[in-house]
Amino acid sequence: MENKLHVSFSPHIRSNNSTMRTMLDVVIALVPATVAAVILFGLSALLVIAVCVISAVAGEALFNLAIKKEQTVGDLSAVVTGLILALNLPANIPLWQAAVGSLFAIIIVKGIFGGLGKNIVNPAIAARVFMLIAFGSMTKAVFPNGLDSVSGATPLADLANDKSVNLMDLFLGKCGGALGETCAVALLIGGIYLIVRKVITWHIPVAFIGTTFLFTFAVEGGNLETTLAWVLSGGLMLGAIFMATDYVTSPSTAKGKLIFGIGAGVITVLIRFWGGYPEGVSFAILLMNIVNPFIDAKTSRKVFGGKK
Amino acid sequence: MAFSIKGIHIPHRKNTAGMSAVRMLVPSMVTIPMAMHIGKPAKPIVKVGDSVSVGTMIAEQDGMISSPVYSSVSGTVKGIADIVISNGRRVSAITIESDGEMTPDDTIKAPQINSKEDFIEAVKMSGIVGLGGAGFPTYVKFATDKKIDTLVINGAECEPYITSDSVTMVDRADEILFAIETADKYFNFEKVIIGIEKNKTAAITSMKNIAAKYKKIEVKVLPSVYPQGGEKVLIYNTTGRVVAAGKLPADVGCIVCNSSTMANIARYIKTGMPLVEKIITVDGGAVKEPKNVIAPIGTSLADVFDFCGGFVSEPMKVLYGGPMMGIAVPELSVPVLKQTNAILALNEKETRTAKTTACIRCGKCTNSCPFGINPAAIAKAYKDKDAEMLEKLGADVCMLCGCCSYICPAKRPLAETNSLAKNLLMEERAKKKEVKA
C-alpha cells in the first residue's frame, strides 16, 4: 500500500465546479427561454434548435477528428453555442441555413482559432451577424402564432416607425423576433439562475441593459413606456445575459465588465436609432469582443504591494 | 484606495474542533531529520550507541540560519543516515530506539533571561521554528535590528481540518500569555494582536480571557476566508500594513508568530524543555478516529495513524499540513517534523477532481487571488518563458496559497505553474544581476 500514495503539488482538494458543470448551468439557464420558444413558435422552433445543437456538436467532433485533437464535445461548450445560436434565429429559417450558421460558429469562429477559450469573438454572435449578412431570411421577424407563424415587422421596426407596442406582450414574448429573444421573463429567470450559481456576475447584464435604458430614455425624451418597449424588444436580454457574458470574450474583473457592458449598451442604442439595421445588440457585442483584450489588459487587478 | 485582499470560501471540515490533544503511546523508534527548518541543516553531535533522554541535544545549530535538534524520546541512537523527505531532498536523520520510559534529560533547567539577547538566545536554544508550517527559525525573527512595534500572533488556522492551533489556544492559553509577557518585557511592543478566524469561538473566548489580563493584547476576529492565516494577509488584516514582494514582516515593524510557537516558547522559558513534541491534528476521510494528538517529533506517520485506529479506507493522499498548502508524502514511514501541525489521510472522494480542460478565461483565478495577481496570465507567460512579462504580472507576489487551483473550473494546475514561474523569474533576476556585476 505504501507506494500507492499519490503525490502532487498542492492544493489537494478542488472545488466541485468544472468546465462541463459551468456549460451545463448555461444550458439549464436557457431552459426557460427554450421552452418559451417552443410554446410561442411551436414545432418549427424545436426543429431549428435541434438542427443547431446537433450540427454544432457534430461539427466540433468532426473538426477535432480532422485535426487529430483530443475530443472536446464532452465539455458541452458546443451544445451551448448551438443552443444560443438557435435562440437567435427566426422560426422559419431554412434548416440548412441554421446548420451552416452553427458550423460557421463552431469551425470558423472557434475551431480554427484553437478551440475552447481561444476564440476572439463569441461564436454564436459572429454566426448570427454572418447569417444576417448572408441570408435574407434573417431580417424578417416571425410572429408567434402557434404553428402558423407569419412574417412581418419586428417590434423594433414598429418602434422605429412610432407604432405603439404592448409592454406586457413584450415581457411575455408575444411579439415578433428570434426564437429565444422575445420572452424577456424567461431570459431574466435564466439570468438570475446564472448569478445565483455564480456562473456570471451582475456587472455585464446590469451595465449593458442599464446603459441601454438610460441612453434610450434620453433619446426618447423621457418617455418611460417607449423606453421600456425598446429595452424589452429585440435581442437585448438574450445578448446582455447570455452572450455578452461569455467568459472567453469579455473582461475578467468587475471594473472591466462594467466598461464592457456600458460600451455595448451605447453601441446598441447608436445602431438602433442611427444605424442601418433595426437591431444593434449583436454588432455591439461583436465590437466589444474585439476591444475586449484591450479592456481586459487595462482593468487587471492591482497587485498587492505593487507600484500601480 | 485600500487594497482589498480576496480569498475563497472552502469547506472547513474541522472534525476535531474542541478535542483536547491526547498523548500518543511512546513509539518504539523515532527518526529525527536534521533539516526541519528553512536554512542550513543541524549538525549531529551524537554517535551510534549513545544513550539519550527526552530533551538531550542530538544536533547543534550550524550557521546563521539553522536550529538545534533534540531527542524526543529516551533510548539509544541506532543510526545516522540519509532519508528522503517529502520534497524529494535527501537529508541526514538520526534514528533513536526508545526505551519506552520517556525519561527527561536531567541536565535540563530553565534558562536565565535578563535581556533581549538572553530572550533571543533562549528562543534559539529551544529549537523552535515557525510552527505554522513554514519552519523558519523563530529566533531569527526576533533577532532583527529593525524597529518592531507590533507582535502579531497567528491563530487564524484557515486550512481545512486543522484544529491544533485552536486547541493550543484553548488548552495552553496561560503559556501563550506568559510568552507574550516575556517577549514584551524586552521588545516593548506597542501592541500585541492575536488574529483568529471568527468560526473558532472557543479559541476567541480563551484569547479574550488573556487579553483581559494584559492590556496590550488585542484579539482581532477575522472573517473565515482562506488564506486568512497567510503571513502577509494576516499582517494586512490586523495592522493594515502592506508587506510587498521580497519584503519581510520586520520591514513594516511586525513580528508574526504562530500561537503554537508562542506556547512552546513559554514551555522552554519556564522549564528548559526544548521542542520535542507537537500537537498535531490527525484527520481526513481515510482516518478511523480523527484526533488531536501529542506526538514526539520523529514518530513515523504510520505510528500516529495507528494510534488513531488506522484507516477505514485506503488513503489516496497523505499530507503534512492542510489540503490547501500541505505537502503530499510518498510513504507513511516519514516522520512528524517540528513544523508539522497536521497529518491528513485523504480518501478518493476528498481528492476527486473533474477533468482538466482548456482555460475558459472565466477570471475566477484572478478574482479570488488574495494578492490580485492573474494566474492564468502568468501560466501563459511561463509557457512563453517570458520573464519580463512575469515581472510585470507580479509572479513573485504569489504565496502559493492555492486559491486559483482550487477555484479553477477548468482544473488547471495554476498554483503549480505559479511556483515554476516564480522560480523562472528568480533565476532570470539572478542572471541579470550577474551580467551587471
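Since the structure is predicted, the reported quantities are computational estimates derived from the model, not experimental observations.

So, the overall build of chain A
Alright, step 1. Looking only at helices and strands, chain A features 13 helices and two strands.
Alright, step 2. Evaluated residue by residue, chain A yields a buried proportion of 56% over its 308 residues.
Alright, step 3. Long-range contacts, defined as pairs at least 24 residues apart, comprise 73% of the intrachain contacts of chain A with a sequence gap of at least 6.
Alright, step 4. Looking at chain A as shown, the accessible area adds up to about 12,900 Å², and 70% of this sits on carbon and sulfur atoms.

Focus: the domain arrangement of chain B
The figure often quoted for interface size is the accessible area lost as the parts come together.
Residues and elements named next belong to chain B.
Alright, step 1. Taken as a whole, chain B is organised into domain 1 (116–271) and domain 2 (364–436).
Alright, step 2. The C-alpha-based centres of domain 1 and domain 2 are spaced at 29 Å.
Alright, step 3. Between domain 1 and domain 2, the residue contacts involve six residues of the former and seven residues of the latter.
Alright, step 4. Across the interface of domain 1 and domain 2, roughly 460 Å² is buried in total on both sides, 81% from carbon and sulfur atoms.
Alright, step 5. Among the residues domain 1 hides against domain 2, the three largest losses belong to Tyr-226, Pro-227 and Ala-245. Together they make up 67% of the total.
Alright, step 6. Counting across the interface, domain 1 meets domain 2 through zero salt bridges.
Alright, step 7. Our enumeration of links across domain 1 and domain 2 arrives at one residue pair in polar contact (both at pLDDT 80 or more).

Considering the packing of aromatic side chains
Alright, step 1. Summed over the entire model, instances satisfying the criterion amount to 16 aromatic pairs over all chains.
Alright, step 2. Between A:Phe304 and B:Phe371, the aromatic rings sit 4.6 Å apart at their centres with planes inclined by 10°, giving stacked as the arrangement. Taken together, the residues span two chains, with A:Phe304 in the segment after helix 13 (281–298) and B:Phe371 in the loop between helix 10 (364–368) and helix 11 (375–383). Both residues of the pair, A:Phe304 and B:Phe371, count as buried.
Alright, step 3. Summarising the aromatic geometry, the rings of B:Phe119 and B:Phe187 are spaced 6.1 Å apart at their centres and angled 75° between planes, so their arrangement reads as edge-to-face. Taken together, the residues B:Phe119 in helix 1 (residues 116–125) and B:Phe187 in helix 4 (residues 173–187) connect sequence positions 68 residues apart.

With respect to the pairing of strand 7 (residues 75–84) of chain B
All names here are of chain B.
Alright, step 1. Summarising the sheet, strand 4 (residues 51–52) and strand 7 pair through two bridges and their orientation is antiparallel. Counterpart to Ser-51 in the pairing with strand 7 is Thr-76.
Alright, step 2. Of the pairings in the sheet, the one linking strand 7 to strand 8 (residues 90–98) comprises nine bridges and is antiparallel in character. Paired with Val-84 across the strands is Arg-90, a residue of strand 8.

What to know about helix 13 of chain A
Given 3.6 residues to a turn, an α-helix orients residues that are three or four positions apart in the same direction.
All names here are of chain A.
Alright, step 1. The end-to-end C-alpha distance of helix 13 is 24 Å, a good match for the 26 Å that 18 residues give at a rise of 1.5 Å each.
Alright, step 2. Along its length, helix 13 reaches its greatest deviation from straightness, about 50°, at Val-291, and the proline Pro-293 lies no more than four positions downstream.
Alright, step 3. For helix 13, the set of buried residues is Val-281, Ser-282, Phe-283, Ala-284, Ile-285, Leu-286, Met-288, Asn-289, Asn-292, Ile-295 and Asp-296.
Alright, step 4. Looking at the buried positions of helix 13, the neighbouring elements they touch are helix 5 (123–134), helix 9 (203–219), helix 11 (236–243) and helix 12 (254–274).

Remarks on the interface of chain B and chain A
Alright, step 1. Each partner contributes to the interface: chain B provides 68 residues, whereas chain A provides 38 residues.
Alright, step 2. The residue B:Lys355 makes a salt bridge to A:Glu70 at a minimum N-O spacing of 3.8 Å.
Alright, step 3. At the surface where chain B touches chain A, the tally comes to 20 residue pairs in polar contact (both at pLDDT 80 or more).
Alright, step 4. Within the residue set of the side of chain B that touches chain A, elements represented by two or more residues are helix 6 (231–239), strand 15 (317–320), strand 16 (327–329), helix 9 (348–351), helix 10, helix 13 (403–407) and helix 14 (414–436) of chain B.
Alright, step 5. A total of four residues in the side of chain B that touches chain A trace back to one element, the largest contributor, which is helix 10 of chain B.
Alright, step 6. Residue classes in the side of chain B that touches chain A are distributed as 40 nonpolar, 15 polar and 13 charged.

Let's talk about the sheet that holds strand 1 (residues 22–23) of chain B
All names here are of chain B.
Alright, step 1. Pairing in this open sheet of six strands is mixed, and the strands run 1-14-13-17-15-16 from one edge to the other. Taken across any chain shown, the strands that pair with only one partner, and hence form the sheet edges, are strand 1 and strand 16.
Alright, step 2. Two elements, strand 13 (residues 277–283) and strand 14 (residues 291–296), share six bridges in a ladder whose sense is antiparallel. Within strand 14, the residue paired with Thr-281 across the bridge is Asn-292.
Alright, step 3. Sheet strands touched by helix 3 (residues 164–171): strand 13 and strand 14. Its angle to strand 13, the strand with the most contacts, is close to 130°.

What about the nonpolar core?
Alright, step 1. Ranked by internal contacts, the top residues of the largest apolar core, which has 80 residues, are B:Phe119 and B:Ile180.
Alright, step 2. If sequence neighbours within four positions are ignored, B:Phe119 has contacts with B:Ile113, B:Phe142, B:Thr182, B:Ala183, B:Tyr186, B:Phe187, B:Ile265 and B:Ile269.
Alright, step 3. With 77 residues, the next largest nonpolar core counts A:Leu30, A:Cys52, A:Cys183 and A:Ala240 among its residues.

Focus: unusual backbone geometry
Excluding glycine, residues mostly have negative phi values, and the peptide bonds linking residues are mostly trans.
Alright, step 1. With an omega of -5°, the peptide bond between A:Ser10 and A:Pro11 qualifies as cis.
Alright, step 2. Structurally, A:Pro11 is set in the segment before helix 1 (19–41).
Alright, step 3. Of note, the amide linkage connecting B:Tyr226 to B:Pro227 takes the cis form, showing an omega dihedral of 0°.
Alright, step 4. In this model, B:Asn188 sits at a positive phi of 45°, which is unusual for a non-glycine residue.
Alright, step 5. With respect to the helices, strands and loops of the structure, B:Asn188 is situated in the loop between helix 4 and strand 10 (191–197).

Looking at the packing of helix 3 of chain B against helix 7 (residues 259–271) of chain B
Residues and elements named next belong to chain B.
Alright, step 1. The geometry of helix 3 relative to helix 7 is characterised by a closest axis approach of 8 Å and an angle of 45° between their N-to-C directions. Overall, the two elements helix 3 and helix 7 adopt an arrangement that is oblique. The hand of the helix 3/helix 7 crossing is left-handed. Contacts between helix 3 and helix 7 pair Ser-164, Asp-165, Thr-168 and Met-169 from the former with Ser-259, Ser-260 and Ala-263 from the latter.
Alright, step 2. Here the contact of helix 3 with helix 7 is composed, by residue class, of two nonpolar, four polar and one charged.

Criteria and thresholds
Residues numbered from 1 in each chain as written. Chains lettered and ligands numbered in written order. Predicted model: local features only at pLDDT ≥ 70, side-chain atom pairs only at ≥ 80, totals over all residues. Heavy atoms only, no water. Helix = DSSP H or I, 4+ residues; strand = E, 2+ residues; numbered from the N terminus. Buried < 20%, exposed > 50% of the residue type's maximum accessible area, 1.4 Å probe, protein only. Contact = heavy atoms within 4.5 Å. Areas by Shrake-Rupley, 256 points an atom, 1.4 Å probe, with all protein chains shown as cover. Domains from an automatic or database assignment. Buried area = accessible area lost by both parts, 1.4 Å probe. Salt bridge = Lys/Arg side-chain N within 4 Å of Asp/Glu carboxyl O. Polar contact = N/O pair within 3.5 Å; in protein donor to acceptor, adjacent residues only side chain to side chain. Phe/Tyr/Trp six-rings, centres within 6.5 Å; stacked < 30°, edge-to-face > 60°. Pairing = 2+ DSSP bridges. Expected span 1.5 Å × (residues − 1). Bend = angle between axes of the 7 residues up to and from the residue. Nonpolar A, V, L, I, M, F, W, Y, C, P; charged D, E, K, R; others polar. Axes fitted to C-alpha atoms, helices over the stretch in contact; angles between N-to-C directions. Core = buried A, V, L, I, M, F, W, Y, C linked by side-chain atoms within 4.5 Å. Parallel < 35°, antiparallel > 145°, perpendicular 65-115°, else oblique. Left-handed = near helix turned anticlockwise from the far one by under 90°.

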